[in-house]
Amino acid sequence: PQIENVDSHSKSTPFDLTSKESVWEQFKNNIQGPLSLLLLQIIVILVISRTFGIILTWIGQPSVVGEIIAGIVLGPSIFGYFFPEFSEFIFPKDSLKTLQFLSQIGLAFFMFIVGMELDIEKLQKKAHNALIISHGSIIFSFFLGIVLSTYIFDQFAPSGVSFLSFSLFMG
């Protein structure tokens, strides 16, 4: 039997530096699986959220505000608008259902933890103040809407609509 001379560089491995593919192309090929894409999405979301949370904590705001801003930045309104190809690569439309399902599970766990830490005695002590503040803000806004409706009724009210209906709607 003859022994073939096999060139050791002819086989391609995942970490083959002599491959003709660039690192970016190898990364794109390796990220095609749903689990690897989900892990990439989670890593991107956590890193950006944590970064924005730290920045906003540094300027005196709660970290949750930074995390909300990070969600807006990663969404289609900023990240998807300015970098549509990169956004489609990290958050393709067919993967958003999985990400949404995972986020619903996270939200359920978060609400469970909040419920476990809820102190009913503190809530009862603050209930009166919360009731006054909420009713005051509703009544004040409602009053401003009714006052505004007296000035704009003739110009914006559809025909056949009474002033009472229009002012209640505006309020």
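Residues numbered from 1 in each chain as written. Predicted model: local features only at pLDDT ≥ 70, side-chain atom pairs only at ≥ 80, totals over all residues. Heavy atoms only, no water.

The next thing to look at is the packing of helix α2 (residues 34-58) against helix α3 (residues 63-74). Taken N-terminus to C-terminus, the directions of α2 and α3 make an angle of 135°; their axes are 7 Å apart at the nearest point. Of the possible angle classes, the one that applies to α2 and α3 is oblique. In this structure, the crossing between α2 and α3 has a hand that is right-handed. For the pair α2 and α3, the contacting residues are Val44, Ile45, Ile48, Ser49, Phe52, Gly53, Leu56 and Thr57 in the first and Ser63, Val65, Gly66, Glu67, Ile69, Ala70, Val73 and Leu74 in the second. Across the contact of α2 with α3, the residue classes break down as 10 nonpolar, five polar and one charged. (Axes fitted to C-alpha atoms, helices over the stretch in contact; angles between N-to-C directions. Helix = DSSP H or I, 4+ residues; strand = E, 2+ residues; numbered from the N terminus. Parallel < 35°, antiparallel > 145°, perpendicular 65-115°, else oblique. Left-handed = near helix turned anticlockwise from the far one by under 90°. Contact = heavy atoms within 4.5 Å. Nonpolar A, V, L, I, M, F, W, Y, C, P; charged D, E, K, R; others polar.)

Judged by nonpolar contacts, Ile31, Leu37, Leu38, Leu40, Val44, Leu74, Phe79, Phe89, Ile90, Phe91 and Leu99 together constitute the single largest core of 11 residues. When contributions to this core are tallied by element, the ones reaching two or more residues are α2 and α5 (84-90). Among the elements that make up this core, the one with the highest residue count is α2 (four residues). When residues no more than four places from it in sequence are discounted, the contact partners of Ile90 are Leu37, Leu40, Gln41, Val44 and Phe79. (Core = buried A, V, L, I, M, F, W, Y, C linked by side-chain atoms within 4.5 Å. Buried < 20%, exposed > 50% of the residue type's maximum accessible area, 1.4 Å probe, protein only.)

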